[in-house]
Structures are given as C-alpha cells and as structure tokens.
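Reading the structure
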Amino acid sequence: MVMASVVARTGRHRQRYDNNNLRLVSGSIPYRVAKHDDHHGDSEHKIEVLMISSPNRDDLVFPKGGWDDDETCEEAACREALEEAGVKGILKGNGNPLGVWEFRSKSSQKICSLKGGCKGYMFALEVTEELEVWPEQGNRDRKWLCIKEAFRLCRYEWMCRALEKFLAVMTEDRKHEMWEEVVVAPHPVPVSECQILLTNCCVKRPSGSQQHSNTSSCWDYAPSWHIAVSTDSS
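Only a predicted model underlies this, so the values are computations on that prediction, with no experimental measurement involved. (Residues numbered from 1 in each chain as written. Predicted model: local features only at pLDDT ≥ 70, side-chain atom pairs only at ≥ 80, totals over all residues. Heavy atoms only, no water.)

What to know about the environment of Asp-141
Within the secondary structure, Asp-141 is located in the loop between strand 6 (117–130) and strand 7 (142–146). As a C-alpha pair, Asp-141 and Pro-55 span 86 residues in sequence and 9.1 Å in three-dimensional space. When near neighbours in sequence (up to four residues on either side) are disregarded, Asp-141 contacts Met-51, Ile-52 and Ser-53. (Helix = DSSP H or I, 4+ residues; strand = E, 2+ residues; numbered from the N terminus. Contact = heavy atoms within 4.5 Å.)

Written out as structure tokens, the structure is:
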C-alpha cells in the first residue's frame, strides 16, 4: 500500500489556541471489538483499544496532536489517528467528544504556551481500516490492548480519565444495543446516515440518547472489565 500522498503535518503556524492561551489538542481512542475463545470453547467479544509508542519510551499513549485552524476538531482527531497510528474509522457521538481535559505538557512547554498548558479533546474512534504503512511508522509502534493493559501502560493521567469516560460510554452503548435487540431485530445502518468528514473517518449519528454515569477511579475496576456477548441463546 503506497502512502506517498499522505504526509504528517509539522510546525505550529496553524495551531489553534483558546482565549487563555492554551494549545488546543485533538485525539482519539481507537477501538475494535475482537472475538476471544475461553478454555471451555465459548466465545465472547471484548473491546480492544489501540495505543502507540514514542521513541525511547516503554509506556504508551493514544494518538493526538495539535488542532489546526483549517480543520474541525473531528477532522484533527481523524488526521492524528491516521498520521500516528495508521488507522481510519468512524467517530462515535455525532461529533461530540468524550470530554475535554486540561493538562500541562512536560515535553513541549515552550510550544504549547508559556506555561505548557494544553486543552485536549478526545473522541471514540471505531476502527474500520488498519493501514500497513503510515506517515509516522518510523517513529512509533502500535499495539492492540485490552482495557486492563491500556490502563496499566497509559503514560498520562488525563488520558486515563479519557479512557474511563470511554469505558462508561461503551458500557452504556452496549446496554442500549441489548435493549434494541429485544425490541426490534437489528438492521444495518445505511451510509447516508453518516456525515463524511474526511477520507479518514465519518461521524455516526447516534441511535438514541446516552447518559454517562460517574465512574470511580480507573484503577478500581479496570482489571475485571470487558464487554462480553454470550453465544448461548438461553
């Protein structure tokens, strides 16, 4: 697969800042639902998230980067996922982020602002395509992880908070899907219900309202959490 036409953006000449001089950052938690077989031969589907490495680091992060003034926040999140992790997909939430987190950049204080302050918008990205070659492949490795491992290896506290919110949204979304399965038979979502943002992604319109409940610390429940679908119809 040739990626010569896709080049990672560099520089900060188009970087957005808010009124408090915080550098605006957009990123995503790429995910997929993978099938696993247990010791008894039963199958279950578990959420896996994609994380990336940085040079000379053992911990991992989610793809994110500066939000430029010639793109929307959603487009920036999709672009960063393509450039850093080599994936394309569908943004959940009809363009609404999982949340917004303020944090201090330790590695780029002078770039972000005088005090290194940043404001990060994070989205849930359902991966539909995983590229074999991508712009930052030479500097980053990528790895699919279960939720437990993602919490353990995540470098930043604010990204753990974003992963907590992702966990709550996916749990609530799964409950809603299970209720729909009882009420009406599932049917495929037509392409016309997706608003195309880039060649990298589209924003899926929600099938219903979602309420996000408060969650405890990610370290309290992460080791045991997964979304499972039993193959036993009884």
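Here's the deal with the pairing of strand 4 (residues 87–91)
In terms of burial, strand 4 is a largely internal element, five of the five residues being buried. Here five bridges tie strand 4 to strand 6, and the two strands are oriented antiparallel to one another. Bridged to Gly-89 within strand 6 is Val-127. (Buried < 20%, exposed > 50% of the residue type's maximum accessible area, 1.4 Å probe, protein only. Pairing = 2+ DSSP bridges.)

Quick notes on the side chain of Asp-59
The topology assignment puts Asp-59 in the loop between strand 2 (43–52) and strand 3 (64–66). A distance of 2.7 Å separates a polar atom in the side chain of Asp-59 from a polar atom in the side chain of Arg-57. Polar contacts involving the side chain of Asp-59 include one to the side chain of Arg-155, which spans 3.1 Å. Residue contacts for Asp-59: discarding those within four places in its chain leaves Ser-53, Leu-153 and Arg-155. (Polar contact = N/O pair within 3.5 Å; in protein donor to acceptor, adjacent residues only side chain to side chain.)

Points about the side chain of Lys-119
The topology assignment puts Lys-119 in strand 6. Side-chain polar atoms of Lys-119 contact the side chain of Asp-18, separated by 3.2 Å. Those residues in contact with Lys-119 that lie beyond four places of it in its chain are Asp-18, Leu-22, Arg-23, Leu-24, Val-25, Val-100, Trp-101, Glu-102 and Phe-103.

Here we look at the nonpolar core
Generally speaking, soluble globular proteins have nonpolar side chains that are buried together. Counting 47 residues, the largest nonpolar core has Ile-29, Val-49, Phe-62, Ile-147, Leu-163 and Phe-166 as the members making the most contacts within it. Ranked by the residues each element gives to this core, the list is headed by helix 4 (residues 157–183), at nine residues. Not counting residues within four places of it along the chain, the set of residues in contact with Val-49 comprises Ile-29, Pro-30, Tyr-31, Phe-62, Lys-143, Trp-144, Leu-145, Ile-147, Ala-150 and Phe-166. (Core = buried A, V, L, I, M, F, W, Y, C linked by side-chain atoms within 4.5 Å.)

A word on the confidence of the model for the chain
Confidence in the prediction for the chain averages 77 pLDDT; 63% of positions are at 70 or higher. In the predicted structure, residues 189–199 sits below a pLDDT of 50 and forms 18 contacts with residues beyond four places in sequence or in another chain. Scored below 50 in pLDDT, residues 208–234 makes 46 contacts in the model with residues more than four places away or belonging to other chains. (pLDDT = per-residue confidence, 0-100.)

Some remarks on helix 1 (residues 73–85)
The end-to-end C-alpha distance of helix 1, which contains 13 residues, comes to 18 Å, matching closely the 18 Å that a straight helix rising 1.5 Å per residue would cover. The buried fraction of helix 1 amounts to 13 of the 13 residues, a majority that puts the element mostly inside the structure. The first or second residue beyond helix 1 is Gly-86, which carries a positive phi of 70°. (Expected span 1.5 Å × (residues − 1).)

Re the packing of aromatic side chains
This model, assessed by the stated rule, comprises three aromatic pairs. Between Trp-67 and Tyr-121, the aromatic rings sit 5.7 Å apart at their centres with planes inclined by 85°, giving edge-to-face as the arrangement. A residue pair is termed long-range when its members are at least 10 positions apart, and Trp-67 in the loop between strand 3 and helix 1 and Tyr-121 in strand 6 qualify at 54 residues. A residue is classified by how much of its surface remains accessible, and Trp-67, at 14% relative accessible area, is buried. On the numbers, 4.2 Å between centres and 5° between planes, the contact of Phe-103 with Trp-158 is stacked. You can see Phe-103 sitting in strand 5 (residues 99–104) and its partner Trp-158 sitting in helix 4, a full 55 residues away along the chain. Each member of the pair, Phe-103 as well as Trp-158, is classed as buried. (Phe/Tyr/Trp six-rings, centres within 6.5 Å; stacked < 30°, edge-to-face > 60°.)

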